[in-house]
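# Structure at a glance
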Amino acid sequence: MTPTIPYGGDYNPEQWPEQVGEEDHRLFTEARIDTLTVGVFSWSLTQPAPGAYDFTVLDRVLDRAVPQGRRVCLATGTAALPPWLAKKHPEVNRTDFEGRRHRYGQRHNFCPSAPAYRDHAAALAERLAARYAGHPALLAWHVNNEYGGACYCGLCADAFRAWLRDRYATLDALNDAWCTAFWSHRYTDWDQIEPPNALTEHWRGPDHTAFQGTTLDYFRFTTDALLGCFRAEKEAIRRHDGATPVTTNFMGAYRPLDYHRWAPHLDFASWDSYPPLDAPPTRPALAHDLMRGLKDGAPFWLMEQTPSTTACRDVNPLRRPGELRLATFQAIAHGADAALYFQLRASRGACEKYHGAVIGHAGRDDTRVFREVAALGRELEALGDATLGARTPSRTALLFDWDSWWALEISDGPSRLVRYQDVVHAYYRAARTAGADVDVVPVTADLTPYDVVLAPVLHMVKGDLAARLEAVAARGGTVLATFLSGRVDLCDRAFLTDVPGPLAPLTGVRVDEWDARPPEVVQPVRLGESVFEARLVFEIVLPRGAEPVAVYGADFYAGTPAVTRNTYGAGEGWYVATALDQPGVDAVVRRVLARHGLVGPYAGHPAVESATRVAPDGTRLLFLLNHAPGPARLTAHAAGTDLLTGRRVEAHVPLTLDPLGVVVLRVQ
Amino acid sequence: MTPTIPYGGDYNPEQWPEQVGEEDHRLFTEARIDTLTVGVFSWSLTQPAPGAYDFTVLDRVLDRAVPQGRRVCLATGTAALPPWLAKKHPEVNRTDFEGRRHRYGQRHNFCPSAPAYRDHAAALAERLAARYAGHPALLAWHVNNEYGGACYCGLCADAFRAWLRDRYATLDALNDAWCTAFWSHRYTDWDQIEPPNALTEHWRGPDHTAFQGTTLDYFRFTTDALLGCFRAEKEAIRRHDGATPVTTNFMGAYRPLDYHRWAPHLDFASWDSYPPLDAPPTRPALAHDLMRGLKDGAPFWLMEQTPSTTACRDVNPLRRPGELRLATFQAIAHGADAALYFQLRASRGACEKYHGAVIGHAGRDDTRVFREVAALGRELEALGDATLGARTPSRTALLFDWDSWWALEISDGPSRLVRYQDVVHAYYRAARTAGADVDVVPVTADLTPYDVVLAPVLHMVKGDLAARLEAVAARGGTVLATFLSGRVDLCDRAFLTDVPGPLAPLTGVRVDEWDARPPEVVQPVRLGESVFEARLVFEIVLPRGAEPVAVYGADFYAGTPAVTRNTYGAGEGWYVATALDQPGVDAVVRRVLARHGLVGPYAGHPAVESATRVAPDGTRLLFLLNHAPGPARLTAHAAGTDLLTGRRVEAHVPLTLDPLGVVVLRVQ
Amino acid sequence: MTPTIPYGGDYNPEQWPEQVGEEDHRLFTEARIDTLTVGVFSWSLTQPAPGAYDFTVLDRVLDRAVPQGRRVCLATGTAALPPWLAKKHPEVNRTDFEGRRHRYGQRHNFCPSAPAYRDHAAALAERLAARYAGHPALLAWHVNNEYGGACYCGLCADAFRAWLRDRYATLDALNDAWCTAFWSHRYTDWDQIEPPNALTEHWRGPDHTAFQGTTLDYFRFTTDALLGCFRAEKEAIRRHDGATPVTTNFMGAYRPLDYHRWAPHLDFASWDSYPPLDAPPTRPALAHDLMRGLKDGAPFWLMEQTPSTTACRDVNPLRRPGELRLATFQAIAHGADAALYFQLRASRGACEKYHGAVIGHAGRDDTRVFREVAALGRELEALGDATLGARTPSRTALLFDWDSWWALEISDGPSRLVRYQDVVHAYYRAARTAGADVDVVPVTADLTPYDVVLAPVLHMVKGDLAARLEAVAARGGTVLATFLSGRVDLCDRAFLTDVPGPLAPLTGVRVDEWDARPPEVVQPVRLGESVFEARLVFEIVLPRGAEPVAVYGADFYAGTPAVTRNTYGAGEGWYVATALDQPGVDAVVRRVLARHGLVGPYAGHPAVESATRVAPDGTRLLFLLNHAPGPARLTAHAAGTDLLTGRRVEAHVPLTLDPLGVVVLRVQ
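Every chain is numbered on its own, with residues counted from 1 as its sequence reads. In the order they appear in the text, chains get letters beginning with A and ligands get numbers beginning with 1. The predicted nature of this model means local features are confined to residues of pLDDT at least 70 and side-chain atom pairs, given and counted, to a pLDDT of 80 or more, with totals for whole chains, interfaces and linings taken over all residues. Note that water and hydrogens are dropped before the side-chain values are worked out from all heavy atoms of the structure.

## Focus on the overall build of chain A
For helices the rule is a DSSP run of H or I covering at least 4 residues; for strands it is a run of E covering at least 2, with both sets numbered from the N terminus onward. Scanning chain A for helices and strands turns up 17 helices and 27 strands. In terms of overall dimensions, chain A has C-alpha extents of about 75 × 75 × 40 Å along its principal axes. Counting over 668 residues, chain A shows a buried share of 67%. Counting contacts in chain A only where the partners sit at least 6 residues apart, residues at least 24 apart contribute 72% of the total. Carbon together with sulfur atoms contributes 52% to the accessible area of chain A, which is approximately 20,400 Å² in total. The charge count includes Lys and Arg as positive and Asp and Glu as negative, but it does not include His or the ends of the chains. Where a charge lies is defined by one atom per residue type, namely NZ (Lys), CZ (Arg), CG (Asp) and CD (Glu). Averaging the locations of the 68 positively and 79 negatively charged side chains of chain A gives two centres separated by 3 Å. Three labels apply to residues, based on accessible area from a 1.4 Å probe with only protein chains included: buried if under 20% of the type maximum, exposed if over 50%, partly exposed otherwise in between. Note on contacts: a residue pair qualifies if any of its non-hydrogen atoms lie within 4.5 Å across the two residues. In short, Shrake-Rupley with a 1.4 Å probe defines the accessible areas, and a residue's cover is counted only from the protein chains shown.

Written out as structure tokens, the structure is:
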């Protein structure tokens, strides 16, 4: 679709006098910026009053883009209400978790169930589509922005009840699903059901609920309600533009929305990458792979990243020299087919004025940040289309499941301190640092391509998943599950069998009891000659066919298995009964990967990340990324040509990566 | 009333298909479970609509119990609203401390002042009593469940005003009591008075109030309002059942409700024991003794404890092997005449699905937990009625006073860090580890039976208490008071005399000023050859008759008394002017006990707890409990027979207690 | 106006029976107390109903004062609503930041925009003025009390809109000022504008806003709204009393109100000093100097301080022996012409019953606190009028700017951890411990008297400030600015130039980027032979004329300047690009002061504070204050007579200050 990786980012010309735009375009050209995301928050300008539209700014930016060779990712702009709409229809403002109806302010502030919002948003999208469909600058549609949050108003209560009727058909079914015999909750009328929030089922906060089933369904409802908003806008666009791809920007591993339910409705996935402060590089990598998994391995867009700093955090560090380039190539290595920034020119006021931008308040092209952006632009230009459309040939899958995430983290007991992302990341990190390419996939994914399936904290097991996991093992693969897996069904009801429920046959274990301890309590776990540390949760495992791989070293369950392996058909089912530290997870996962020859040649270099992509023409691209501030001295394991330098690399000879350096090897 | 200690717990057959009940009863028999608490949260099933009742489940469980030899503790089930009632009468939902009217959800969710709640609850209780009075399985009535919390709605505001009129008769009296000349608060109409909460008198939270007197009265009002609910249900029951004892389950040292005001209205006390994580064994022991003190030393029921884990905490550890047995015998040692669990069968869904249960989700009888429960059941069966009705022959009393607790913890100054329970527990622990049996009694208790009266942080001194304490000393006893005692009257008004107010004659000290420091500031206190650490509050004592026992070692008050002893009549009044560490409290309390020969023979074994009960026939039972994970090697100080093993123990010969072991010695 | 320093404090006879007043006056005389602040919270007594007034208590206290030679600071008493007003006009109760309308309770509880409040308050003030104007005991009017907080009700919303119309005239101007093109906020009707709070623009709390410009204007509006209340009362007083000075008591560096906007409307400044727990003595000193700066250097009143302890804090330590005296002389050294306590007699109930008082609950005159108060009273009596009206001859100014404070602390990025007061205090402390007298002045102050101007974290630069700072340097002075200065204009819009914006010419630097790190990250900064620690924010400085004074020692900007000096005209502009530790700030500031000979003779004694005042007759008074618990052995640098002892001090001979000792040297 594009000759090179689209490069650019969010651009808000409406914040500036027209003449600034001229200077912007000069700087864009200097930095090889060819893609502008436009109109993300311009509803109040595009539609200043109920019936009035003003396309002056959008016309100007799209029309100016064409002669400059730039393309536009055009936003519908519906993620922040215009003041007039909030005033005229107060019900479009959200009611928060505390039950408080908000008044006008902020962004991401609309009730997804309010007809006044849905209708106005779709109408705006339709007007934009009618006007710009077929415009030569139009590259993609960007619906809304970072959908998220939730609303608890009366309209949402009604919509929730309707959603529940669709799901359960009868109150008996709902009462059964939610176990309402508990605490006198048996509903006798749909209208008795309230959104679960601080005024109803919750205590202390959003994760503390009396009825997990209710809260879980509200997460699902919210996912669907916001998806409904997206779909309404997309349909409005499609009435005028049948071809241009439509997306919305996700936020990686974002708990409130089950992106797997959204994925079929996007033409491509895109996301905004703002890794947590001092996160290891596997944190954004996990999110990249999760996003790539949304559309069955198809490339995605990196829709936003900061060229330098964030603004909204308590502490907003600078990206060090070279970090932006490295992060961008990491995204590409994991499947990004676009590299965009938030933002191209710094806003002058409000809460993002100190957010990093390609062009700062002084408008200079001689800042370090601008120079790095421009140098990267030249590299990407040189790279051309080599990576576009390429896919990742993974033999390892990691299951990522929003239902399990929700169920685990809203559970009362055994430990609030177990966090889904942390455990999932530990297993992902272990596989990645061992050198395996990993597909992060939904539990409904086809598992036949994989030799190894990692299923950390898979709290909920739904549908035919257990059978499909058994099939992986039966044909010789390895499945690994952990503590707190296989506990509940689709409605968060405990399985009325031994833990880990449907995973018991595969793992060959039975768990009757589980201990939880504060984080300062360390349980030593011996695996072969090594001793690792475990914390938080300790399931007591009775092997029922499995053999111990590692054992607990302390407390009354000392000597009982902490990690087990079960032979199942031609393959194996592993069970890790406790939260091992990272070295422990690394050791277990490398054993599993080794069985399938999936430990990579650079597994001994913890700071070196490798990733493979296969271009549509079959070309194999090997990305080597050095995350260390010093050089990495490797021995090349494959011959090829570095696409960034044109340098030839031979197999079995020394290969040195610069500090924060990148090699993109076209493998021969 | 029963031939053995009632053994069993909460049972919710309404959550399961009928056939599960058959299996349950098989398992109950295996575990010697003879008592079922039924119907605690079944309002919505028993009364599915305003005029409709359905007793199917209750009939079944009561009728099935009879042939199996089991008895039922029948709950009225009014602690969680049915959805229809909350929908039809929204005013039955509580308004919280933040002033927010809740909607349907959770449990313990009813406004105690709403006629719609009171009437419906009493009507349900009456229907149950009419149906089951005289049923052969009926052992006791269990009204509501764990009364607690508070409501701040308009109905409660009106009820509060009426309660105040009853208490003060005139606004002048109220203005005087609350010191409303402060901050322009003089009320000229009863309707001007608001419940003290986040929207009125409070800042930061429930303990930060502008008017302590107002908040204190709201605590008292809430105690009475909820007690009113209990009494209404009890009266409804009594209209049909004049004989079966009626109780409700308390929560030990639960701050919101003054259980001493409730005690006269219960036929027996009962409580739910869930000690805090890693609490020393004296924490539940203190609560046991407090509960025993409610009904003047009469035995109580342990209405709930978990057989394995809790669920609602951030971290829910397992009870280790043997801990359940030890905790149960500890309860019996302190006066429990029943030993019940929450819960017999694990619920399948909602927030307690991971709460420990005698029977887990898999329904097994071969889990460790089931085996321990069953073994304990056999032991209790063998014990028979040996302990039933026995009383504790204490010569030491500890005053426990909700008014002082409230007044201390809502006080502005001198230190928010002094917590009532912590100080009370330190003194209780000192007496208990020294080997003294302790009665934990209200300030209105008859003090004539006691040689030693401990009065830690007795912030409020009411009525004739000071005179009664003086009488204890006058006849040769010892009274010990501490810092922050004797400060305020019934209305939380400072005494207009030297501190410690009415306790000054007895203690022989005068306190003009008091220092408070952050917890990291340690003040050394020298007592004889020992130096202890004091923290938080340091009163500066001017002896007025008393002699120093210990002195401060630092700061400008170095050398002045930290602990004093005053001769009063034939006895002594002690004053401890600072928060000593536990060894310091131990040293002081042992000196006091030693004066009366109350230091026990096992005082040198810190992990060994001893407790005495005297059966109705005069038999003296000595409980020895080893709280350590290793054996305890003692020398027996009395001869007798261990009721658990039948083994004969001779005096002055070695006696070894197993790890977590228990001996129940019938003393000869 | 008075023959000696007015000495006394808050007195609430309305809380006591009349006979207590007799005893009070005996004690007042014993302690040389001659000034009583009366009626601060007596609205409900003075006006018990809409049309009814009762002056009994006030008449009594004023009439009794006259024969005893005491004067009265008479409060209007409008800081706490009477219950009847709150009930009759619910709109006088505030709506808080969370959008919750409060009901009756607390104090400082009135909506400043409610006509019912304003009218009733002004009417009460007028009645008091009509009655007591010309009363021989009347010394000053004390309007309201500690104005503060904010309201967010509908009346305030309307008043805010009117305030905005006054300020911006057109919505276009407002949209431009607030940068409403961001996040679709362009307003098309004034009624669309909401007060910024938790229900509109804010997230997480009062410092987290989407629109800094909006929140900033609400701070200004609140300042003006409360000032309007003050002015209405003052006008009402002036209708009957044209002469008696009118004030209200401030709270030092109190963020919510820009006291510089208030200053012109006060006849003299006064404030309540309650330093934070364990604060260094420069904390109250900074506030004293800030208060003195309000009225262009005129003396102020110390309206409140505690004689012993506070009550409202979590931990309320005692003032040690001698601390009260030292703090009082410190206040006088910095310009206080009155020394008053809160409170003279301890209240009996409510939240201040444990607040320190001259007379405690027992009414004794033999407590340590009373004795210290009385001894100090005798000292002040002996001091006579020597210090009254004296002024401070500072050559160093420190700019204090509420706008910068607000803008800095509500900013998203770079670091929430930078706190305005902390940085300002560090520079103030450095100058004071170096021995310089410091005027703490608004940014609009005349800067011509100063050789050195310190401008720490001057985030906002308004009007002609940059030019006036340049003028200081041009004529030979030194100006020092720091990181995060010169960032935004009056509307919190970033300057569209290099950082530090208008301060760039003077400082000779350019800043393109700034790093922020968590507090545990330490950046070494080398200045000459010394290495200091810097934290939180690290601006990367490109010198544009300036020379480096200190350099960063680590990270990718190692070796670049952390402190710079720029020659500007005959003077210098310094720039400190990071948050240095106190020793680092000390080193920089001493370099700056040394250039002007402003390092004092006792700069080597960190615990010794010196301060100079010049009496109206030209007498120079040198205060030497020893803040250490041990003696300070100095060499006197000037000869004179100690006014407290009458002792003669010669220059160049040893001079020893007692522990916590004070010398007030009349310099010859």
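Having put the structure on the table, let's press on.
## Remarks on the domain arrangement of chain A
Note that domain bounds follow an automatic or database assignment of domains. Each assigned domain of chain A is listed here: domain 1 (86–267), domain 2 (396–594) and domain 3 (608–667). One C-alpha centre belongs to domain 1 of chain A, the other to domain 3 of chain A; they are set 44 Å apart.

## Regarding the interface of chain A and chain C
With 50 residues of chain A at the interface, the matching set in chain C holds 59 residues. Summed over both partners, the accessible surface that disappears when two parts come together, traced with a 1.4 Å probe, is what is meant by buried area. Of the roughly 4,800 Å² buried at the junction of chain A and chain C (both faces included), carbon and sulfur atoms supply 53%. Should a side-chain nitrogen of Lys or Arg be within 4 Å of a carboxyl oxygen of Asp or Glu, the pair is scored as a salt bridge. In this assembly, chain A and chain C are joined by twelve salt bridges. A salt bridge links Glu194 of chain C to Lys87 of chain A; the shortest N-O distance between them is 3.9 Å. Throughout this description, a polar contact denotes any pair of N or O atoms lying within 3.5 Å of each other; where both atoms belong to protein, one of them has to be capable of donating a hydrogen while the other can accept it, and for residues adjacent in sequence the pair is counted only when both atoms sit in side chains. Scanning the region where chain A abuts chain C turns up 27 residue pairs in polar contact (both at pLDDT 80 or more). If you list the elements that add at least two residues to the side of chain A that touches chain C, you get helix 2 (43–46), helix 4 (83–88) and helix 12 (368–383) of chain A. Here the nonpolar group is Ala, Val, Leu, Ile, Met, Phe, Trp, Tyr, Cys and Pro; Asp, Glu, Lys and Arg are the charged ones; every other residue, Gly included, is treated as polar. The residue makeup of the side of chain A that touches chain C, split by class, is 23 nonpolar, eleven polar and 16 charged.

## As for the sheet that holds strand 6 (residues 249–250) of chain C
Residue and element names in this part refer to chain C. Should DSSP find at least two bridges between two strands, the strands are regarded as paired. Taken in spatial order, the nine strands of this open sheet run 5-4-3-2-1-9-8-7-6, and their pairing is parallel. The sheet is open, and its two edges are formed by strand 5 (246–247) and strand 6, each paired on a single side. Here strand 1 (residues 7–11) runs beside strand 9 (residues 336–341); their pairing, made up of three bridges, is parallel. Across the sheet, Gly9 pairs through a bridge with Tyr341, a residue of strand 9.

## A few points about unusual backbone geometry
Note the cis peptide between Gly413 of chain A and Pro414 of chain A, where omega equals -5°. Inspection of the secondary structure assignment puts Pro414 of chain A in the loop between helix 13 (402–409) and helix 14 (420–433). Cis geometry marks the peptide bond from Phe342 of chain B to Gln343 of chain B, where omega comes out at 15°. Along the polypeptide, Gln343 of chain B turns up in the loop between strand 9 (336–341) and helix 12 (368–383).

## A few points about the side chain of Ser404 of chain A
If you trace the backbone, Ser404 of chain A turns up in helix 13. Under the relative-accessibility criterion, Ser404 of chain A is labelled buried at 0%.

## Notes on helix 12 of chain B
The span you would expect from a helix comes to 1.5 Å times its residue count less one. Over its 16 residues, helix 12 of chain B extends 23 Å from the first C-alpha to the last, a length consistent with the 22 Å expected when each residue adds 1.5 Å. All of the buried residues in helix 12 of chain B are Arg368, Val369, Phe370, Glu372, Val373, Ala374, Leu376, Gly377, Glu379, Leu380 and Leu383 of chain B. Its buried side turned inward, helix 12 of chain B meets strand 14 (509–516) of chain A together with strand 1 (7–11), helix 1 (18–30), helix 11 (323–333) and strand 9 of chain B. In the stretch just after helix 12 of chain B, Gly384 of chain B is the one whose phi turns positive, near 60°.

## Notes on the pairing of strand 3 (residues 71–75) of chain A
Residue and element names in this part refer to chain A. With respect to burial, strand 3 is a largely interior element, four of its five residues being buried. Here strand 2 (residues 35–38) runs beside strand 3; their pairing, made up of four bridges, is parallel. Considered in strand 3, the bridge of Thr35 is made with Arg71. As paired elements, strand 3 and strand 4 (residues 138–142) share four bridges and run parallel to each other. Counterpart to Ala75 in the pairing with strand 4 is His142.

## Some words on the UniProt feature "domain: Glycoside hydrolase family 42 N-terminal" (unreviewed entry) in chain A
Feature annotation in UniProt places "domain: Glycoside hydrolase family 42 N-terminal" (unreviewed entry) on residues 10–382 of chain A, given in this structure's numbering. Helix makes up 39% of residues 10–382 of chain A and strand 9%, and the two end C-alpha atoms of the span are 23 Å apart. UniProt positions are given in the numbering used here, feature names are shortened, and annotations may be inferred rather than shown by experiment.

## Overview of the relation of the copies chain A and chain C
Laying chain A over chain C is done by rotating through 120° and shifting 0.0 Å along the axis; what remains is an RMSD of 0.0 Å. On the angle and the small slide along the axis, the relation comes out as a three-fold axis. Every residue of chain A has its C-alpha some distance from the rotation axis, and the shortest such distance is that of Arg100 of chain A, at 5.5 Å. The copies are overlaid by a least-squares fit using only the C-alpha atoms of residues whose pLDDT is at least 70 in both copies.

## What about the packing of helix 6 (residues 154–168) of chain B against helix 8 (residues 212–238) of chain B?
Residues and elements named next belong to chain B. Angles here are taken between N-to-C directions and fall from 0 to 180 degrees, while the axes themselves are lines fitted to C-alpha atoms, restricted in helices to the stretch in contact. Where helix 6 meets helix 8, the closest approach of the two axes is 10 Å, and the angle between their N-to-C directions is 105°. Relative to helix 8, the element helix 6 lies roughly perpendicular. Taken together, the residues of helix 8 that come into contact with helix 6 (itself represented by Cys156, Ala159, Phe160, Trp163, Leu164, Arg167 and Tyr168) are Thr214, Asp217, Tyr218, Arg220, Phe221 and Asp224. In the contact of helix 6 with helix 8, the residues fall into eight nonpolar, one polar and four charged. Roughly parallel here means an angle under 35 degrees, roughly antiparallel means over 145, roughly perpendicular means 65 to 115, and every remaining angle is called oblique.

## Considerations on the UniProt feature "domain: Beta-galactosidase trimerisation" (unreviewed entry) in chain A
Look at the UniProt record and you will see "domain: Beta-galactosidase trimerisation" (unreviewed entry) annotated at residues 395–598 of chain A. Each end of residues 395–598 of chain A is marked by a C-alpha atom, and these two atoms are 8 Å apart; helix forms 25% of the span and strand 33%.

## Let's talk about the confidence of the model for chain A
Detailed reading of the predicted coordinates is not advisable wherever pLDDT is low. A residue's pLDDT is the predictor's confidence in that residue, given on a scale from 0 to 100. Model confidence for chain A is summarised by a mean pLDDT of 97, while 100% of its residues fall at 70 or above. On the interface metric, ipTM, the complex scores 0.97, and its pTM is 0.97.

## Side note on the environment of Val537 of chain B
Residues and elements named next belong to chain B. Looking at where Val537 falls in the secondary structure, it is placed in strand 16 (residues 530–543). For Val537, a relative accessible area of 0% translates into the label buried. Considering only alpha carbons, one finds Val537 and Ala504, 33 residues apart in sequence, at a separation of 19 Å. The contacts of Val537, once residues within four sequence positions are left out, are Pro414, Ser415, Val418, Phe483, Leu484, Asp515, Ala516, Ala577, Thr578 and Ala579.

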